[in-house]
Amino acid sequence: MHLQIHPHLDTHHQYSRPLVQHVAFTNSSELFLALLLFYNAGVKVERTFGTYKYASFLAVTTVIFTAVQFVVLAACSLLFLRVDPAQQSGLEKEVERSWVASGRSPAGPWGPLFAVLFQYHRVIPHVWSMRVEQLELSDKAIEVYSLAALLAVSQGTSSVFVAVLGVMVSAAYRSKRGPMRRLHKYRLPVRVYRILAFLLSPWVGEIRRPQRSWRVERPDRPTLAVREARLAEHSATVANLTQQTSRGFEADLMYQPDRNWSVLASYGFTSAFFAD
């Protein structure tokens, strides 16, 4: 469900669209590219930030992206929207069909995705790089940036707009100057984080992998005769040992949970003698 100022918000009063627009993409192609980007870039950023900071980062950037997106689209809709004169007779028709006039943006988590991609560009180093003439390529350019470019132009200038807006919000989150310099220090309340983790983990979390055997048939358990033969072999090996002497120290270490967490230790000299 995409966000559109006219007529969904100003006429039909569908005020839930700014929030539900982040739920799903418009088509399967965009969904496929977004999943690849979240897997290649989002997992590495989450491991660098930590799960708690990563969740706070997504929450902050999504809220700021939604607010700025709504303000910009509403302003464009008010400035460029023109209505046919037949509106006086009860017929409303938009003369301008562009996304700027109607205040329309594509559906999907564009803001969080491109915010993650910007952080990926800044904090994750490339593994390898190569130069072809004057062009320098790396694993990040091939695996991430090329897919991000395809996704950014998938719906023309409207998708370019939300992609650039997501990058700008992520840059503002990372900046340490201006009114948003403390955004990177914000963390979600622990209780809210646990509730979101409980609700979203079945859909976006990692499930337990199924156990798979490395052989077709289960190996046979050793019988009593086999175990007795192994025990006899071990006893014979020990009996054939030559005279050896082993000396060392034996220590007992115990923590006493007092005020200073002192350590009580005792040690003694030991000697072991092996004979035929």
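See above for the structure.
In this report, we go over the structure that sits alongside the text. (Residues numbered from 1 in each chain as written. Predicted model: local features only at pLDDT ≥ 70, side-chain atom pairs only at ≥ 80, totals over all residues. Heavy atoms only, no water.)

1. Some words on the packing of aromatic side chains
Here is step 1: All told, the structure shown has six aromatic pairs when counted by the stated rule.
Here is step 2: When the ring of Phe25 is compared with that of Trp110, the centres are 5.7 Å apart and the planes differ by 70°; the resulting orientation is edge-to-face. Taken together, the positions of Phe25 in the loop between helix 2 (17-20) and helix 3 (28-49) and Trp110 in helix 6 (residues 110-123) put the pair 85 residues apart, joining distant regions of the chain.
Here is step 3: The structure contains a cluster of three or more aromatic residues connected by ring pairs, namely Phe49, Tyr54, Phe57 and Tyr173.
Here is step 4: Positioned above the aromatic ring of Phe49, the side-chain terminus of Lys53 is 4.5 Å from the ring centre.
Here is step 5: Note that Lys140 overlies the ring of Tyr120, its terminal NZ or CZ placed 5.1 Å from the centroid. (Phe/Tyr/Trp six-rings, centres within 6.5 Å; stacked < 30°, edge-to-face > 60°. Helix = DSSP H or I, 4+ residues; strand = E, 2+ residues; numbered from the N terminus. Lys NZ or Arg CZ within 6 Å of the ring centre and 35° of its normal.)

2. Let's talk about the side chain of Gln69
Here is step 1: Considering the arrangement of structural elements, one finds Gln69 in helix 4 (residues 51-80).
Here is step 2: Among the polar contacts made by the side chain of Gln69, one reaches the side chain of Ser105 at a distance of 2.6 Å.
Here is step 3: Those residues in contact with Gln69, other than ones at most four positions away along the chain, are Leu3, Gln21, Ser105, Val162 and Leu165. (Polar contact = N/O pair within 3.5 Å; in protein donor to acceptor, adjacent residues only side chain to side chain. Contact = heavy atoms within 4.5 Å.)

3. Structural notes on the nonpolar core
Here is step 1: Among the nonpolar cores identified, the biggest contains 37 residues, and Leu37, Val45, Phe57, Leu113, Phe114, Leu117 and Leu151 are the most heavily contacted of them.
Here is step 2: Taken together, the elements giving at least two residues each to this core come down to helix 1 (5-9), helix 3, helix 4, helix 6, helix 7 (139-152) and helix 8 (157-174).
Here is step 3: Beyond its immediate stretch of four places on either side in the chain, Phe114 contacts Ala148, Leu151, Ala152, Ala163, Gly166 and Val167. (Core = buried A, V, L, I, M, F, W, Y, C linked by side-chain atoms within 4.5 Å. Buried < 20%, exposed > 50% of the residue type's maximum accessible area, 1.4 Å probe, protein only.)

4. Side note on the side chain of Ser105
Here is step 1: By the element assignment, Ser105 lies in strand 2 (residues 104-105).
Here is step 2: Contact partners of Ser105, with chain neighbours within four places excluded, come to His2, Leu3, Gln21, Gln69, Leu73 and Val162.

5. Some remarks on unusual backbone geometry
Here is step 1: The backbone of Glu133 sits at a positive phi, close to 55°, despite the residue not being glycine.
Here is step 2: Assignment of secondary structure puts Glu133 in the loop between strand 3 (129-132) and strand 4 (135-138).
Here is step 3: Of the residues examined, Glu133 reaches a relative accessible area of 70% and is grouped as exposed.

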